[in-house]
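This is what each chain is made of:
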Amino acid sequence: LFDGVYPFYPQQRKAAVFDISTIIVTVVFLTLACCFLLIIPGIRGRARLYWTLRVLLSLFVGVVIVVVQFTGDWERGWVQANTSYKSFSPAQVSADIGLHIGLAGLNVTLRGNPVQQINETINYNEHFSWSFGEDYELSYSQGLHRGLPSPILYVAEKFSGQSPCGVHGQYRIAGHYASAMLWVAFCTWIISNILLSMPALVYGGYMLLATGAFMIFSLLSFSTVRNSPMCPIQIGSSTLHVAYGGSFWLMLAVGLLCLVAGTTVVAMHHLNLDLLKTFFDLREDKAEELPEVFMNPHFVSKSQ
């Protein structure tokens, strides 16, 4: 020991607070929303309310489809336990261990309770990627070389390809196909916006139905990992259990919203087309009103 610190461990990494990809996507869609809000005062009458509702709702669907590709809480779980901190050390720490699983990998969080223990700040958030083009085993080996805390390495080892749990391939394939379905949903979302801005409302409704369907398909693809039982993650005397997280339920809600919106557009096209065109500001007046004509009575009297 050198002043209470193991000299063969590098300086500990701080926990990540924000994901850069999520911030970039959110800023782009917020910029589009702000640009629309700047021009919305130029729209008169009730059409202003209809435009605001349609545009903001559409941007919300689009940002959700893209952002959930980079989030790490499709599945999540937390447990509080007393566990060993690092290898070759008998020191025990009280910590909260969190597991966050996304489409491209997982994050393991270790947060001391309290944060300051054994002369160290215990606050880690490590990412291990299993997306195509990434080497999960390499990132796990690098964690071993960096001397990450034992709970993080133990949880990450459960999802490695060498683990007897055998869930690495399932999560990798399920996340890959779920991501592909979401990108198809994003394409159909763009097409639906183009069609709904033209006099092709019923086809825009069909594209909304396709968008919602592909979002539901992505959820079904990710949920296939539950077909086989998960190995117990035992940390100390506690067990870490995972359940569907916020991104999964948000995708389910937005997918159902797209299905309801698409069904409504298609139904209104067949039941009340005029009301549908009014909502999309595409209604054509049956007869044009003639403007009122003002004539000078002096010229009228002279012509007679």
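Up top is the structure.
We now turn to the structure provided with this report. (Residues numbered from 1 in each chain as written. Predicted model: local features only at pLDDT ≥ 70, side-chain atom pairs only at ≥ 80, totals over all residues. Heavy atoms only, no water.)

### Focus: the sheet that holds strand β2 (residues 92–101)
Right, on to step 1. Strand order across the open sheet formed by five strands is β4-β3-β2-β1-β7, with antiparallel pairing between neighbours. Pairing within the sheet leaves two strands with one partner each, and these edge strands are β4 (120–129) and β7 (243–244).
Right, on to step 2. Here seven bridges tie β2 to strand β3 (residues 105–117), and the two strands are oriented antiparallel to one another. If you follow Asp96 over to β3, its bridge partner there is Arg111.
Right, on to step 3. Sitting on the sheet, helix α3 (residues 136–146) touches β3 and β4, and the angle it makes with β4 is about 160°. (Pairing = 2+ DSSP bridges. Helix = DSSP H or I, 4+ residues; strand = E, 2+ residues; numbered from the N terminus. Contact = heavy atoms within 4.5 Å. Axes fitted to C-alpha atoms, helices over the stretch in contact; angles between N-to-C directions.)

### Structural notes on the packing of helix α2 (residues 47–67) against helix α7 (residues 246–271)
Right, on to step 1. Packing of α2 against α7 leaves a shortest axis separation of 10 Å and a crossing angle of 140°. Judged by the angle between their axes, α2 and α7 are oblique. For the element pair α2 and α7, the recorded crossing hand is left-handed. Residues Leu57, Phe60, Val61 and Val64 of α2 form the contact with α7, whose participating residues are Leu250, Met251, Val254, Leu257 and Cys258. (Parallel < 35°, antiparallel > 145°, perpendicular 65-115°, else oblique. Left-handed = near helix turned anticlockwise from the far one by under 90°.)

### Some details on the packing of aromatic side chains
Right, on to step 1. Inspection of the entire model under this criterion finds 16 aromatic pairs.
Right, on to step 2. With a centroid separation of 5.4 Å and an interplanar angle of 25°, the aromatic rings of Phe186 and Trp189 are classed as stacked. Of the two residues, Phe186 and Trp189 both sit in helix α5 (residues 168–196), three residues apart, roughly one turn of that helix.
Right, on to step 3. Relative accessible area serves as the criterion here: at 18%, Phe186 is assigned to the buried category.
Right, on to step 4. Among the residues examined, Trp189 registers a relative accessible area of 10% and is labelled buried.
Right, on to step 5. Between Phe248 and Trp249, the aromatic rings sit 5.3 Å apart at their centres with planes inclined by 85°, giving edge-to-face as the arrangement.
Right, on to step 6. Given a relative accessible area of 8%, Phe248 falls into the buried group.
Right, on to step 7. Here Trp249 falls in the partly exposed class, since its relative accessible area comes to 47%.
Right, on to step 8. One Lys or Arg, Arg54, reaches over the ring of Trp51 and ends 4.4 Å from the middle of that ring. (Phe/Tyr/Trp six-rings, centres within 6.5 Å; stacked < 30°, edge-to-face > 60°. Buried < 20%, exposed > 50% of the residue type's maximum accessible area, 1.4 Å probe, protein only. Lys NZ or Arg CZ within 6 Å of the ring centre and 35° of its normal.)

### Side note on the packing of α3 against helix α4 (residues 150–158)
Right, on to step 1. At a minimum axis separation of 11 Å, α3 and α4 run at an interaxial angle of 165°. Of the possible angle classes, the one that applies to α3 and α4 is roughly antiparallel. Classified by chirality, the crossing of α4 by α3 is left-handed. Residues Tyr136, Tyr140, Gly143 and Leu144 of α3 touch α4, and the partners they reach there are Leu153, Ala156 and Glu157.

### Description of the state of the cysteines
What is meant by a disulfide is a covalent connection between two cysteines, made through their sulfur atoms.
Right, on to step 1. Taken as a whole and judged by the stated rule, the model has one disulfide.
Right, on to step 2. Residue Cys165 pairs covalently with Cys231 via a disulfide, S to S 2.3 Å. Judged by the sign of its S-S torsion, about -130°, the cystine formed by Cys165 and Cys231 is left-handed. With Cys165 in the loop between α4 and α5 and Cys231 in the loop between α6 (201–223) and β5 (233–235), this residue pair connects regions lying 66 residues apart in the sequence. (Disulfide = S-S within 2.5 Å.)

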